[in-house]
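# Architecture and fold: a report
Now for the letters of each chain:
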Amino acid sequence: MRTIGTKGPTPPFRTPPRRVTPAAGVGIRGFFAVMVLLGSTGGPACAEGLTVSGVLDSSLALGAGTGELPDFFYGAEEYANLRVQGKLREGLSFYSAFTMIAAAGTFAQSLSALESPAVRAASPQYAGTIELERLYFRLNREYLDIDGGLLRIAAGYGQVFGPSDFLNPKNPLKPDARPRAVLGGTLAAYPADALKVQVFAAAPKDPFALDGGGFLGGICGERHGDRASIQGIYAYESPQEGSRWGVHRAGFSLKGDVILGLVADVLYTYNPEGEFGLPGLSASGGFDYSFLEGRWYVLAEYLYNGSASSTSVKSGNPTGFSGEHFLYGAVQYLVNDYTSLTLACLSCLQDASFTPILQGEHELIQGFTLIMAAQAPLDGDVLFGDGSRGELGPENRQARFLFTLKARLRF
């Protein structure tokens, strides 16, 4: 029996992620086709092995804007993620997920920025979209797994920045963002109980590319021990515009469980046409710790962000950073089994800009949670009036203050 470990622990203050940036859209007809399919099977109760679950978020945002945003702005959004899983035979399953969004105000502006034909002004009151988010099969055998389709290919143990997870870039200012899917596949072998070797492949980012430029393939291996785990990864992206010789990515990730939970994640990106050296390096490291019977939890993680690395916005990562040195810290207090309070902060050490985040969660009844969060971007210009505007300050974030109230229903 396998004893291979899982991808590192998820901090309790980071609620199960939701998607912000759709990767692919489907039309209204596709949505109704899915509903007809589910109806024809009689639903979960009648279709053996078929399960349906999901999340419904009702969100209201209020903020004080800068730049292109007005002094006061609002947003309202209804977001649903519907997941369908079917077990076809022993060891063979399929998975799918669909996202439906109705948005107004700042949330509608975010949707319109996608410039996707799936985003429609469905009425004078809101803009809406329906998208296909996951669609893949999984074949499990005792020593071999095969996944193929529209799926997530994850890598590394980084909890906050995750340099190795370059196919699913993270941003700690948007911890709810559901990881992106890619069209591809994985084949994983388990030569020993604590050893995993996986090869993976992903289609180019441009879905209309005919020459295969930007196709990505790679291999990673994991070894898990009683107190520590290590993963190594290498990936090659085939030549395309801006990388005539292709792009190489290689790195490793470590996690350890001693008195503290320790993590390190390093990935180097090398483009022969680019600059060699530190610009290609992205490296993070940190710790987490819970104490007083788990009522208190603390986490800290540092990131070095090279200008051409996997965590840089200049490398085409929409959630990336421009500076080099970042620090994230958070402390959470569990008031009781139903309520938690979290204070976190992301800071850019180069320009002394930072964004404090205060969040509270309360589970009213099982499966129904209220989440309140507030962010206030700060820099030298705000605090001292010295004109120094940082990457995490209000001018770059286009907001002086943002408050979000969310009701989350799980089913």
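Values in this document were obtained by computation on a predicted structure and should not be read as measured data. Residue positions are given per chain, counted from 1 along the sequence in the order it is written. At least 70 in pLDDT is required for a residue's local features to be given in this predicted model, at least 80 for side-chain atom pairs to be given and counted, and no such filter applies to totals for whole chains, interfaces and linings, which use all residues. The side-chain figures draw on all heavy atoms in the structure; neither hydrogens nor water molecules are used.

## What about a nonpolar patch on the surface?
Excluding any residue in a salt bridge, patches collect residues exceeding 30% relative accessible area, merging like charges within 9 Å and nonpolar Val, Leu, Ile, Met, Phe, Trp and Tyr side chains within 5 Å. To measure how exposed things are, a 1.4 Å probe is used in the Shrake-Rupley method; for residues, cover is taken only from the protein chains shown. Any carboxyl oxygen of Asp or Glu that lies within 4 Å of a side-chain nitrogen of Lys or Arg is treated as forming a salt bridge with it. A contiguous nonpolar patch, built from Leu 60, Leu 62, Phe 72, Tyr 74, Leu 364, Ile 365, Leu 370, Met 372 and Leu 405 and spanning about 810 Å² of accessible area, is present on the exposed surface. Breaking the nonpolar patch down by element, the ones donating at least two residues are strand S1 (50–65), strand S16 (353–365) and strand S17 (368–375). Secondary structure elements are taken from DSSP: a helix is a run of H or I of four residues or more, a strand is a run of E of two residues or more, and numbering for both begins at the N terminus. The residue Met 372 is located in strand S17 in this model.

## With respect to the packing of aromatic side chains
Note on aromatic pairs: each is described by the distance of the centres and the angle between the planes. Think of it this way: a Phe, Tyr or Trp ring, Trp meaning its six-membered ring, pairs with another when their centres are within 6.5 Å, and the plane angle makes it stacked under 30 degrees, edge-to-face over 60, tilted otherwise. Evaluation of the coordinates by the stated rule reveals eight aromatic pairs. Seen from their ring centres, Tyr 270 and Phe 276 are 5.7 Å apart, and the 90° between their planes marks the pair as edge-to-face. Residue Tyr 270 is classed as partly exposed on the basis of its relative accessible area, which comes to 31%. Look at Phe 291 and Trp 296: their rings are 6.5 Å apart centre to centre, the planes differ by 10°, and that puts the pair in the stacked class. Counting every residue linked through ring pairs, the aromatic cluster contains Tyr 289, Phe 291, Trp 296 and Tyr 333. Throughout, exposure labels follow a simple rule: accessible area from a 1.4 Å probe, protein chains only, divided by the maximum for the residue type, with under 20% read as buried, over 50% as exposed, and the rest as partly exposed.

## Digging into the pairing of strand S4 (residues 127–140)
Regular strands show a simple pattern: their side chains alternate between the two faces of the sheet. Bridge analysis of strand S3 (residues 92–105) against S4 gives twelve bridges, and the strand direction is antiparallel. Each residue of the ladder has a partner; that of Phe 94, found in S4, is Phe 137. In this analysis, strands are considered paired if DSSP registers two or more bridges between them. With six bridges joining them, S4 and strand S5 (residues 144–151) adopt antiparallel strand pairing. Bridge pairing in S5 places Leu 139 opposite Ile 146.

## Regarding the side chain of Asp 145
Summarising the element assignment, Asp 145 is placed in strand S5. Among the polar contacts listed, one links the side chain of Asp 145 to the side chain of Tyr 190, at a separation of 3.0 Å. Throughout this description, a polar contact denotes any pair of N or O atoms lying within 3.5 Å of each other; where both atoms belong to protein, one of them has to be capable of donating a hydrogen while the other can accept it, and for residues adjacent in sequence the pair is counted only when both atoms sit in side chains.

## With respect to the pattern of salt bridges
A complete count under the given rule lists eight salt bridges for this structure. Asp 57 is paired through a salt bridge with Arg 408; the nearest N and O atoms lie 2.9 Å apart. Placement of Asp 57 in strand S1 and of Arg 408 in strand S18 (residues 399–410) is noted, with a sequence separation of 351 residues between them. By relative accessible area, which is 0% here, Asp 57 ends up buried. Across the pair Asp 381 and Arg 389 runs a salt bridge whose closest N-O atoms are separated by 3.8 Å. A residue is classified by how much of its surface remains accessible, and Asp 381, at 26% relative accessible area, is partly exposed. Beyond isolated ion pairs, a larger network of salt bridges with shared partners links Arg 152, Asp 165 and Lys 170.

## Side note on the environment of Leu 173
Its location among the elements puts Leu 173 in the loop between S5 and strand S6 (182–192). Residue classification places Leu 173 among the buried positions, given a relative accessible area of 9%. C-alpha of Leu 173 to C-alpha of Gln 375: the two residues are 202 residues apart in sequence and 8.8 Å apart in space.

Keep in mind that these numbers describe shape and distance, not what the molecule does.
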